[in-house]
Amino acid sequence: MTDQKLPPFIQPGERVVLFDGVCKLCNGWVRFLIRHDPQQRIRLASVQSVQGQALLAWFGLPTEQFDTMAYIEEGELLVRSDAVLRILAQLPGLWRFLALLRVIPRPVRDWCYDRIALNRYRLFGRYDSCLLPNADHARRFLQD
């Protein structure tokens, strides 16, 4: 893929996770990724950020209320369970074996994913605003 066809803010070869920055479950997932991605192969952007909003718009996704996590790799967008499983496949060690769950039919995986996503605020809570990355993790987030 040429640079001109890459989504905004993404450099060639970058992998990006878009997440809900006010969701406590989503922020826990981000902390998990930071901890288990020592090679820093995965970049991050909240859907509420300028970068997240631009990426959602690039892919024709809703920018006001986005109820899933998205993963972008080589200009390809994955959402819901496909995104989670592709991300797990990028992690070292035993985590990558969880990607074998893709043998479960997508409708079943996505149904389970949707039950959690639709109830995430009620089950896990939410922050009043997006949490800012600390200085150690700031380089993991997409920048202007």
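This section reports on the structure supplied with the text. Computed from a prediction, not measured in an experiment: that's the story for all the values here.

Rules used in this analysis
- Residues numbered from 1 in each chain as written.
- Predicted model: local features only at pLDDT ≥ 70, side-chain atom pairs only at ≥ 80, totals over all residues.
- Heavy atoms only, no water.
- Buried < 20%, exposed > 50% of the residue type's maximum accessible area, 1.4 Å probe, protein only.
- Helix = DSSP H or I, 4+ residues; strand = E, 2+ residues; numbered from the N terminus.
- Pairing = 2+ DSSP bridges.
- Right-handed = clockwise from strand over helix to strand, strands pointing away.
- Core = buried A, V, L, I, M, F, W, Y, C linked by side-chain atoms within 4.5 Å.
- Disulfide = S-S within 2.5 Å.
- Salt bridge = Lys/Arg side-chain N within 4 Å of Asp/Glu carboxyl O.
- Phe/Tyr/Trp six-rings, centres within 6.5 Å; stacked < 30°, edge-to-face > 60°.

## Comments concerning the pairing of strand β1 (residues 15-19)
Part 1 of the argument: Judged by how many residues are buried, β1 sits mostly within the fold: five of five residues are covered.
Part 2 of the argument: Burial along β1 is two-sided: the face carrying Arg15, Val17 and Phe19 and the face carrying Val16 and Leu18 are both buried.
Part 3 of the argument: Pairing geometry for β1 and strand β2 (residues 42-46), over five bridges, is parallel. Within the sheet, the bridge partner assigned to Val16 lies in β2 and is Arg43.
Part 4 of the argument: Crossover handedness for the path β1 to helix α1 (residues 24-36) to β2: right-handed.

## Regarding the nonpolar core
Part 1 of the argument: Within the largest apolar cluster, 22 residues are counted, with the highest numbers of intra-cluster contacts made by Val17, Trp29, Leu33, Leu44, Met69 and Ile87.
Part 2 of the argument: Mapped by element, the contributors of at least two residues to this core are β1, α1, β2, α3 (80-90) and α4 (106-118).
Part 3 of the argument: Counting residues in each nonpolar core, the second largest holds eleven residues, with Ile10, Val16, Ala70 and Ile72 among its members.

## Focus on the state of the cysteines
Part 1 of the argument: Counted by the stated rule, this structure contains zero disulfides.
Part 2 of the argument: With no disulfide of its own, Cys26 lies 3.0 Å from the sulfur of Cys23, the closest cysteine sulfur.
Part 3 of the argument: Take Cys112: it sits in no disulfide, and the sulfur closest to it among the cysteines is that of Cys26, at 17 Å.

## Structural notes on the pattern of salt bridges
Part 1 of the argument: One pass over the structure, following the stated rule, counts eleven salt bridges.
Part 2 of the argument: The residue Asp20 makes a salt bridge to Arg120 at a minimum N-O spacing of 2.7 Å. With Asp20 in the loop between β1 and α1 and Arg120 in helix α5 (residues 120-124), this pair connects stretches of sequence that are 100 residues apart.
Part 3 of the argument: Overall, Asp20 belongs to the buried group, its relative accessible area being 3%.
Part 4 of the argument: For Arg80, the salt bridge is made with Asp114, and the minimal N-O distance between the two is 2.4 Å. In this pair, Arg80 sits in helix α3 while Asp114 sits in helix α4, placing the two residues 34 residues apart along the sequence.
Part 5 of the argument: Look at Arg80 and you get partly exposed, because its relative accessible area is 27%.
Part 6 of the argument: Shared partners join several salt bridges into a network, and the residues in it are Arg15, Glu73, Glu76 and Arg86.

## Some remarks on the packing of aromatic side chains
Part 1 of the argument: Enumeration according to the criterion identifies three aromatic pairs in this entry.
Part 2 of the argument: Taking the centre distance of 6.3 Å and the plane angle of 65° together, the rings of Phe19 and Phe141 count as edge-to-face. Remark: Phe141 occurs in the segment after α5 and Phe19 occurs in strand β1; sequence separation between them is 122 residues. Assigned by exposure class, Phe19 and Phe141 land together as buried.
Part 3 of the argument: With a centroid separation of 4.7 Å and 90° between ring planes, the pair formed by Phe32 and Trp95 is classed as edge-to-face. Here Trp95 lies in the loop between α3 and α4 and Phe32 lies in helix α1, a separation of 63 residues in the sequence.

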